[in-house]
There are 6 protein chains.
Amino acid sequence: MRISARNQIKGKVVEVTKGATTSHVRVDVGGGQVITSSITNEAVDELGLKKGDNVIAVIKASDVMIAVG
Amino acid sequence: MRISARNQIKGKVVEVTKGATTSHVRVDVGGGQVITSSITNEAVDELGLKKGDNVIAVIKASDVMIAVG
Amino acid sequence: MRISARNQIKGKVVEVTKGATTSHVRVDVGGGQVITSSITNEAVDELGLKKGDNVIAVIKASDVMIAVG
Amino acid sequence: MRISARNQIKGKVVEVTKGATTSHVRVDVGGGQVITSSITNEAVDELGLKKGDNVIAVIKASDVMIAVG
Amino acid sequence: MRISARNQIKGKVVEVTKGATTSHVRVDVGGGQVITSSITNEAVDELGLKKGDNVIAVIKASDVMIAVG
Amino acid sequence: MRISARNQIKGKVVEVTKGATTSHVRVDVGGGQVITSSITNEAVDELGLKKGDNVIAVIKASDVMIAVG
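The model shown is predicted, which means the values in this text are computed figures rather than measured ones.

Thresholds, definitions, all that
Residues numbered from 1 in each chain as written. Chains lettered and ligands numbered in written order. Predicted model: local features only at pLDDT ≥ 70, side-chain atom pairs only at ≥ 80, totals over all residues. Heavy atoms only, no water. Least-squares fit on C-alpha atoms with pLDDT ≥ 70 in both. Contact = heavy atoms within 4.5 Å. Buried area = accessible area lost by both parts, 1.4 Å probe. Salt bridge = Lys/Arg side-chain N within 4 Å of Asp/Glu carboxyl O. Polar contact = N/O pair within 3.5 Å; in protein donor to acceptor, adjacent residues only side chain to side chain. Nonpolar A, V, L, I, M, F, W, Y, C, P; charged D, E, K, R; others polar. Pairing = 2+ DSSP bridges. Helix = DSSP H or I, 4+ residues; strand = E, 2+ residues; numbered from the N terminus.

### Structural notes on the relation of the copies chain B and chain A
Superposition record for chain B on chain A: RMSD 0.0 Å, screw rotation 180°, translation along axis 0.0 Å. The transformation just described matches what one would write down for a two-fold rotation axis.

Here's what the structure looks like:
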């Protein structure tokens, strides 16, 4: 599957924290940068996400803001 | 200003493309990764964004998906 | 590639309208329902999207609201 | 109330799962397709959402991605 | 129609700017605050939006960030 | 830090509700209007958000819909 989302950043899962319905997945994308993703528990289960997995953080361009200063 | 968004990734603007109302700003965040942001022309003007600027790509955790495979 | 997004709806492209930077892609997902997607022109070009293509509309669960009445 | 969101898909609630602050509402929209929505518990309570309710899944066009393959 | 979105702010349209595919609608919500919305041209046409209209700005809670300082 | 998001609305925190992973922060922005934000618990902790704090609700223009009627 190829997807329209402009931002597809490879990394490795460093932490999966499950909540009641929502999980946080933290992905080390290199250069000292960790990206945090908030997704459903069902998605975590379906993809079998766990620490050490190679994954891709996917972000639509319209969800990226720019800050300065 | 500090903001709740979990993902704040430093980089350098490599391209600003203005449309009729919407601009695309491409930011080199290192490691060969370029992040594309879609924001209003007004935001580009107000921040004076141009090639070479040091900026921060800001992304809310709930806007990040995870892909595998 | 498998992605965490809970909603992946198969359909067929019925219209691609390109703007200055942003395109609208309309996808017939059956049952008389057409889904409209707003994505970058670059994404349309990269995926080579055109009328008649079989595609999947992908939507993160946190971007779906519920209305009644 | 009429809303600008381009995607308004009629369906029937098949499951409401409440978490600590966030609920998941699953809506059968026909054709074997179920849409998952992640909304606040407060919204579920205010709309009185429960299994069997006729609802509309509402999605802004800029939150829809396109995948192929 | 009632919708799950937690934020529904009444105001008056002060400006509609149409682009090639995307419009910007600015809404005065009182107290000197103007909210900018980026929606499709189709939505503007369908709702017949124009300066002076009484409207509601609708925002899902998961799309609101908090900043300090 | 200045950010591209078009909507930056000043207010005062009236309630912070922590869930398992996701918090809801309610902000009184004046004129009888309260804005609800859904953010990570980590963001609440990092910003030290509590009732009475002066904050800014930040919303990207592409996340604002318009309703009428």
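### Section: the relation of the copies chain D and chain F
Both copies of the chain are related by one operation, a rotation about an axis with a shift along it. Turning chain D through 120° and shifting it by 0.0 Å along the axis lays it on chain F, with an RMSD of 0.0 Å. This pairing of chains is accounted for by a three-fold axis. Minimal C-alpha distance to the rotation axis in chain D is attained by Ala20 of chain D, lying at 3.4 Å.

### Let's talk about the interface of chain D and chain F
Every contact between the two is made by 13 residues of chain D and, on the other side, 14 residues of chain F. When the area that chain D buries against chain F is broken down by residue, the three leading residues are Arg2, Thr21 and Lys60 of chain D, summing to 44%. Viewed at the interface, chain F and chain D are joined by 0 salt bridges. Linking chain D with chain F are 6 residue pairs in polar contact (both at pLDDT 80 or more), by the criterion used here. In the side of chain D that touches chain F, the residues fall into 4 nonpolar, 5 polar and 4 charged. Relative to strand S6 (residues 65-68) of chain F, strand S1 (residues 2-3) of chain D runs antiparallel, the two being bridged by 2 bridges. Within the sheet, the bridge partner assigned to Arg2 of chain D lies in S6 of chain F and is Val68 of chain F.

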